[in-house]
Amino acid sequence: MNAPHNPEVARSVRTGGFNTNVHDLGESKPGQPPVLFIHGSGPGVSAWANWRLAMPAIAQDRRVIAPDMVGFGYTDRPANITYNMDTWVQQALDVMDAMGVEKADVVGNSFGGALSLALAIRAPQRVRRLVLMGSVGVPFLITPGLDAVWGYEPSLENMKRLLDIFAHSRALVTDELAQLRYQASIRPGFQESFSAMFPAPRQRWVEAMASPEAAIRALPHETLIVHGREDQVIPLQNSLTLSQWIPNSQLHVFGHCGHWTQIEHAARFAQLVANFLAEADKTST
């Protein structure tokens, strides 16, 4: 009897000196770029764990590409790699190149938002539209919630505490989910790379992920900024700042929502993103 397929494991794509695990769903219509989804930085996270509800919804109308960024998920973990924005931006570009994608709409969650922002600044011609959700990428004082996420030490109790921080609604924080995420966090290699990424003091990693204000203000891209009003991990002020700095931006705040907008308000989030991207399809045809 075959072992059950792990939905987190998808296609292996060569990116520089290592292989990246990449989900590739749906099909692009003529003149319609794919959507590149970039996940956040929670313990045991993967592209599938972050985007499992959003990917199939968006893939009904367009191609969706969602890689595990190096250090996370089922992408290779090279021994001597440096975990920083230069590495992750280059990996994102390598994924696009390997998959024949000249330009993409980019959707980033939290850490993935900072990475999406940096990608748009450093390679503006590769990005059509930008979606930043609960995003890092601007200076802020690290929250107790983010400090707890990055400082996670594996245990079921610690994972339950983290899930309480991530989600606003207790209904989402089940024992089953806690067990699943805990098991994900202790897979071979997962915690080792995670703990190496954000050692204390952690304020420096917030600053390392920030893009220069002048570069953000110069962004030409139409940008959708999304945040949960009750987010305990990334302050709502981040998105207010981004909406003030990015000239062609709009801000959508979900009430009764923590840091997991794409899960806590899955259908609304997918519809919001779909409408935003479809608007660009109309102007480019």
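Residues numbered from 1 in each chain as written. Predicted model: local features only at pLDDT ≥ 70, side-chain atom pairs only at ≥ 80, totals over all residues. Heavy atoms only, no water.

### A closer look at the overall build of the chain
Stage number 1. From N to C terminus, the chain includes 13 helices and 8 strands.
Stage number 2. Over its C-alpha trace the chain gives a radius of gyration of 17 Å, about what one expects of a compact globule, namely 19 Å for 285 residues.
Stage number 3. Taken over the C-alpha atoms alone, the chain extends approximately 50 × 45 × 40 Å along its principal axes.
Stage number 4. A burial count over the chain gives 54% of its 285 residues as buried.
Stage number 5. Of the contacts formed within the chain by residues at least 6 apart in sequence, a portion of 74% connects residues at least 24 apart. (Helix = DSSP H or I, 4+ residues; strand = E, 2+ residues; numbered from the N terminus. Rg over C-alpha atoms; globule rule 2.2 N^0.38 Å. Buried < 20%, exposed > 50% of the residue type's maximum accessible area, 1.4 Å probe, protein only. Contact = heavy atoms within 4.5 Å.)

### Examining the nonpolar core
Stage number 1. Counting residues in hydrophobic clusters, the biggest one holds 66 residues, and the most contacted among them are Leu-36, Phe-72, Trp-88, Leu-119 and Trp-150.
Stage number 2. Setting aside chain neighbours within four positions, we find Phe-72 in contact with His-39, Gly-40, Ser-41, Gly-42, Val-45, Arg-77, Trp-88, Phe-111, Phe-194, Met-197 and Phe-198.
Stage number 3. Ala-47, Ile-58, Ala-59 and Met-133 belong to the second-largest nonpolar core, a separate cluster that totals 23 residues. (Core = buried A, V, L, I, M, F, W, Y, C linked by side-chain atoms within 4.5 Å.)

### Section: the UniProt feature "domain: AB hydrolase-1" (unreviewed entry) in the chain
Stage number 1. UniProt annotation of "domain: AB hydrolase-1" (unreviewed entry) refers to residues 33-266 when read in the numbering used here.
Stage number 2. Span residues 33-266 is 43% helix and 14% strand, its end C-alpha atoms 22 Å apart. (UniProt positions renumbered as here; feature names shortened; annotations may be inferred.)

### As for the pattern of salt bridges
Between side chains of opposite charge, a pair can form when the charged atoms approach closely.
Stage number 1. Per the counting criterion, the structure on display carries 15 salt bridges.
Stage number 2. The partner of Asp-147 in a salt bridge is Arg-202, and the shortest N-O contact between them spans 3.3 Å. Here Asp-147 is found in helix α5 (residues 144-150), whereas its partner Arg-202 is found in the loop between α8 (190-197) and α9 (203-209), with 55 residues between them in sequence.
Stage number 3. Judged by its relative accessible area of 30%, Asp-147 falls in the partly exposed class.
Stage number 4. Here Arg-202 falls in the buried class, since its relative accessible area comes to 17%.
Stage number 5. Asp-175 serves as the salt-bridge partner of Lys-160, at 3.6 Å between the closest nitrogen and oxygen. With Lys-160 in helix α6 (residues 156-166) and Asp-175 in helix α7 (residues 175-185), this pair connects stretches of sequence that are 15 residues apart.
Stage number 6. Overall, Lys-160 belongs to the partly exposed group, its relative accessible area being 25%. (Salt bridge = Lys/Arg side-chain N within 4 Å of Asp/Glu carboxyl O.)

### Description of the environment of Asn-21
Stage number 1. Position of Asn-21 relative to the elements: it lies in strand β2 (residues 18-25).
Stage number 2. Residues Asn-21 and Pro-188 lie 167 residues apart in sequence; the distance between their C-alpha atoms is 16 Å.
Stage number 3. Only 2.8 Å separates the side chain of Asn-21 from the backbone oxygen of Glu-8, close enough to count as a polar contact.
Stage number 4. Within polar-contact distance, the side chain of Asn-21 engages the backbone nitrogen of Ala-10 at 2.7 Å. (Polar contact = N/O pair within 3.5 Å; in protein donor to acceptor, adjacent residues only side chain to side chain.)

### Some thoughts on helix α4 (residues 111-122)
Stage number 1. Taking 1.5 Å as the rise per residue, α4 with 12 residues should run 16 Å; its terminal C-alpha atoms sit 17 Å apart, in good agreement.
Stage number 2. Every buried residue of α4 is listed here: Phe-111, Gly-112, Gly-113, Ala-114, Leu-115, Ser-116, Leu-117, Ala-118, Leu-119 and Ala-120. (Expected span 1.5 Å × (residues − 1).)

### Some points on the sheet that holds β2
Stage number 1. Sheet architecture is open: 8 strands sit in the order β1-β2-β4-β3-β5-β6-β7-β8, paired in mixed fashion. The open sheet has two edge strands, β1 (11-15) and β8 (249-254), and neither has a second partner. Looking at each pair of strands side by side, their axes are set apart by 25° on average, direction ignored.
Stage number 2. Taken together, the 5 bridges between β1 and β2 define a ladder with antiparallel strand orientation. Bridging across to β2, Ser-12 finds its partner in Asn-21.
Stage number 3. On the sheet, α4 packs against β3 (35-38), β5 (104-109) and β6 (127-133) and is oriented at approximately 145° with respect to β5. (Pairing = 2+ DSSP bridges. Axes fitted to C-alpha atoms, helices over the stretch in contact; angles between N-to-C directions.)

### Focus: the packing of aromatic side chains
Stage number 1. Under the definition given, this model contains 9 aromatic pairs.
Stage number 2. Ring centres 5.6 Å apart and planes at 70° place the aromatic pair Tyr-74 and Phe-190 in the edge-to-face group. Here the residue Tyr-74 occupies a position in the loop between β4 (64-67) and α3 (85-98), and Phe-190 occupies one in helix α8, the gap between them amounting to 116 residues.
Stage number 3. Owing to a relative accessible area of 27%, Tyr-74 belongs among the partly exposed residues under this scheme.
Stage number 4. When its relative accessible area of 7% is taken as the criterion, Phe-190 is described as buried.
Stage number 5. Between the aromatic rings of Trp-88 and Phe-111, the centroid separation amounts to 4.7 Å while the plane-to-plane angle is 85°, which identifies the pairing as edge-to-face. A residue pair is termed long-range when its members are at least 10 positions apart, and Trp-88 in helix α3 and Phe-111 in helix α4 qualify at 23 residues.
Stage number 6. Clustering of aromatic rings is evident, with ring pairs tying together Phe-72, Tyr-83, Trp-88 and Phe-111.
Stage number 7. Its guanidinium or amino end placed over the ring of Phe-190, Arg-77 lies 4.5 Å from that ring's centre, counting from NZ or CZ. (Phe/Tyr/Trp six-rings, centres within 6.5 Å; stacked < 30°, edge-to-face > 60°. Lys NZ or Arg CZ within 6 Å of the ring centre and 35° of its normal.)

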